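Structural overview for review
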Amino acid sequence: MKRWRSILLTILALLLVVPLVLMFWPEGPLDLSKDEEPFRSMVLPPKLVKGIYYMDGGSVTMWVTDQHDVRRAISFPIDYTGIITRHPSAYEGEHFDYGNVPELKNPRRAKAIMIRLFREYGNKNEPYHQATLDMLSEPLTAIGGDLYSHFFE
């Protein structure tokens, strides 16, 4: 009986330790060579990464100025019906250019790239840095609030 208890405790400990180790494991360098444009032509590390969310409910635009002083904007319009992801599409361009610029083919990858660039190179002292990051990265607390408002309001 003690043997089964020790096996069970070992399994439980592994289930707790492995996710913690993976959470704090450092990420490797960001390789954009196989991504779509405008990411493929960005020269890293960027000189400047800025972001802002809009009062329309959470659309986000981020600007990256690379090493060759080329400035690119990536916009993520808000989808009010989304619960798990509220930014299912991405565009190269400013917030109000959606009809004039093509949609990016892989918005999930675009979002992951921009979150990482903003986290690593964005100015953490700007007033809305963390709020913009939370708006785009959609933490579990935001998803919980969206679920509550979707079903109970």
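Residues numbered from 1 in each chain as written. Predicted model: local features only at pLDDT ≥ 70, side-chain atom pairs only at ≥ 80, totals over all residues. Heavy atoms only, no water.

Quick look at the pairing of strand β2 (residues 60-65)
Of all 6 residues making up β2, 6 are buried, and the element is well covered by its neighbours. Of the two faces of β2, the one lined by Val60, Met62 and Val64 and the one lined by Thr61, Trp63 and Thr65 are each fully buried. Alignment of strand β1 (residues 48-53) against β2, held across 6 bridges, turns out to be antiparallel. In the sheet register, leucine 48 faces β2, and the bridge partner there is threonine 65. Between β1 and β2, which follow one another and run antiparallel, lie 6 residues, and glycine 57 among them has a positive phi close to 125°. Bridge count between β2 and strand β3 (residues 71-76): 6 bridges; the pairing is antiparallel. Across the sheet, the residue bridging to threonine 61 is serine 75, located in β3. (Buried < 20%, exposed > 50% of the residue type's maximum accessible area, 1.4 Å probe, protein only. Helix = DSSP H or I, 4+ residues; strand = E, 2+ residues; numbered from the N terminus. Pairing = 2+ DSSP bridges.)

Examining the environment of tyrosine 91
Inspection of the secondary structure puts tyrosine 91 in strand β4 (residues 91-92). As for tyrosine 91 and isoleucine 74, which are separated by 17 residues in sequence, their C-alpha atoms are 5.7 Å apart.

Comments concerning the sheet that holds β1
As summarised here, the arrangement of the 4 strands in space is β1-β2-β3-β4, forming an open sheet in which the pairing is antiparallel. One side of each edge strand has no neighbouring strand; the edge strands of this open sheet are β1 and β4. Where β3 and β4 come together, 2 bridges link them in antiparallel fashion. Following the sheet pairing, serine 75 is matched in β4 by tyrosine 91.

Considering the nonpolar core
If you look at soluble globular proteins, the nonpolar side chains tend to sit buried side by side. One finds Phe39, Phe76, Met114 and Leu117 to be the most contacted residues of the largest nonpolar core, which totals 19 residues. Every element with two or more residues in this core is listed here: β2, β3, α2 (107-121) and α3 (129-137). Here this core gets 6 residues from one element, more than from any other, and that element is α2. (Core = buried A, V, L, I, M, F, W, Y, C linked by side-chain atoms within 4.5 Å.)

Observations regarding the layout of surface pockets
Considering only enclosed or pocket space, the largest pocket measures out at about 240 Å³ in volume. The wall of the largest pocket is formed by Leu22, Met23, Glu27, Ala112, Ile115, Arg116, Arg119 and Glu120. As a volume, the second largest pocket reaches approximately 160 Å³. As for the second largest pocket, its lining consists of Lys50, Gly51, Ile52, Tyr53, Met55, Glu126, Pro127, Tyr128, His129 and Thr132. Those elements that provide at least two residues to the lining of the second largest pocket are β1 and α3. When residues in the lining of the second largest pocket are grouped by element, the largest group, 4 residues, is from β1. Of the residues belonging to the lining of the second largest pocket, the class tally is 5 nonpolar, 3 polar and 2 charged. (1 Å grid on protein atoms, 1.4 Å probe; cavity = no way out; pocket = protein on both sides within 12 Å on 5 of 7 lines; lining within 4 Å. Points joined across faces, edges and corners; volume = space filled by probe spheres on them. Nonpolar A, V, L, I, M, F, W, Y, C, P; charged D, E, K, R; others polar.)

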